[in-house]
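Close look at the chain arrangement
Chain residues, written in single-letter form:
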Amino acid sequence: MASEYREITTSGRYPTMAFMVATVDFELDLDVMFEYGPRLLLDGVERRLER
């Protein structure tokens, strides 16, 4: 996985991701990253239902 990750961040196709990884204390934890998306979605649904 490390080689694929390195390829993605050095390809030039994703400059924002490469910048964030290079400048921010960034730890790649796929479980945390995966949980972030559904949490945002569910938070949005919750706010919408509160209206």
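It should be noted that the structure appears before, not after, this text.
Here we summarise the structure given alongside this text.

A look at the overall build of the chain
Assigned secondary structure in the chain consists of three helices and zero strands. Secondary structure elements in the chain, listed N-terminal to C-terminal, are α-α-α. In terms of overall dimensions, the chain has a C-alpha envelope of 45 × 20 × 20 Å along the principal axes. Accessible surface, the chain as shown: approximately 5,000 Å² in total, 59% of it carbon and sulfur. For the chain, the distance from the average site of its 6 positive side-chain charges to the average site of its 10 negative ones is 11 Å.

Quick notes on the environment of Val 21
Assignment of secondary structure puts Val 21 in helix H2 (residues 15–23). Residue classification places Val 21 among the partly exposed positions, given a relative accessible area of 25%. In the structure, Val 21 is positioned 12 residues away from Thr 9 in sequence and 8.2 Å away in space, judged by C-alpha atoms.

Here we look at the packing of helix H1 (residues 2–10) against H2
Where H1 meets H2, the closest approach of the two axes is 8 Å, and the angle between their N-to-C directions is 115°. When the axis of H1 is compared with that of H2, the two are roughly perpendicular. Residues Tyr 5, Ile 8 and Thr 9 of H1 form the contact with H2, whose participating residues are Met 17, Ala 18 and Val 21.

A short note on the side chain of Thr 9
One can find Thr 9 in helix H1. Classification of Thr 9 by relative accessible area gives buried; the value is 18%. Among the polar contacts listed, one links the side chain of Thr 9 to the backbone oxygen of Arg 6, at a separation of 3.2 Å.

So, how was this worked out
- Residues numbered from 1 in each chain as written.
- Predicted model: local features only at pLDDT ≥ 70, side-chain atom pairs only at ≥ 80, totals over all residues.
- Heavy atoms only, no water.
- Helix = DSSP H or I, 4+ residues; strand = E, 2+ residues; numbered from the N terminus.
- Areas by Shrake-Rupley, 256 points an atom, 1.4 Å probe, with all protein chains shown as cover.
- Lys, Arg positive; Asp, Glu negative; His and termini not counted.
- Charge placed at Lys NZ, Arg CZ, Asp CG, Glu CD.
- Buried < 20%, exposed > 50% of the residue type's maximum accessible area, 1.4 Å probe, protein only.
- Axes fitted to C-alpha atoms, helices over the stretch in contact; angles between N-to-C directions.
- Parallel < 35°, antiparallel > 145°, perpendicular 65-115°, else oblique.
- Contact = heavy atoms within 4.5 Å.
- Polar contact = N/O pair within 3.5 Å; in protein donor to acceptor, adjacent residues only side chain to side chain.

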